Amino acid sequence: IVLCTDIASAERRKMNMQRWENAFSSLSEPTAPQDWPKSLTTDATQSVADQIMQAADVSHTMQHFSTFLRWNERLYNEMLSAFRSGQSHVPGFNDVHPADNWYE
């Protein structure tokens, strides 16, 4: 399983918003989940899981400062590793070392 929160990716954010819209726009009134079509249930489940993961991704900023530092150090190391391997998917990021704009 791959968990992707990547709120910095406009493409990923757009895909999540479209999935949410597909999952819930057809519901004109509240209905019990067991009454939803199977395809809607799958989309809704994935969409809700995406939202929970995004909330978890940014919630460290509301924790104690030591927690904030620990998660930001991990994020920095992840971004540095992606930079060094040329695998960053953020446009224009592969040619910029993470330390150059970390505090911007």
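Notes on the structure in this doc start here. (Residues numbered from 1 in each chain as written. Predicted model: local features only at pLDDT ≥ 70, side-chain atom pairs only at ≥ 80, totals over all residues. Heavy atoms only, no water.)

1. Thoughts on the overall build of the protein chain
In step 1: A count of helices and strands for the protein chain gives three helices and zero strands.
In step 2: Taking all 104 residues of the protein chain together, the buried fraction comes to 20%.
In step 3: Residue pairs at least 24 apart in sequence account for 38% of intrachain contacts in the protein chain once pairs closer than 6 positions are excluded.
In step 4: Of the roughly 8100 Å² that the protein chain leaves accessible, carbon and sulfur atoms contribute 57%. (Helix = DSSP H or I, 4+ residues; strand = E, 2+ residues; numbered from the N terminus. Buried < 20%, exposed > 50% of the residue type's maximum accessible area, 1.4 Å probe, protein only. Contact = heavy atoms within 4.5 Å. Areas by Shrake-Rupley, 256 points an atom, 1.4 Å probe, with all protein chains shown as cover.)

2. Let's talk about the side chain of Ser 47
In step 1: Structurally, the position occupied by Ser 47 is in helix 2 (residues 38-59).
In step 2: With residues near it in sequence (within four places) discarded, Ser 47 still touches Asn 16, Arg 19, Trp 20 and Phe 24.

3. Overview of the environment of Arg 19
In step 1: Inspection of the secondary structure puts Arg 19 in helix 1 (residues 10-24).
In step 2: Spatially, the C-alpha atoms of Arg 19 and Gln 46 are 8.2 Å apart, while their sequence positions differ by 27 residues.
In step 3: Those residues in contact with Arg 19, other than ones at most four positions away along the chain, are Asp 43, Gln 46, Ser 47 and Asp 50.

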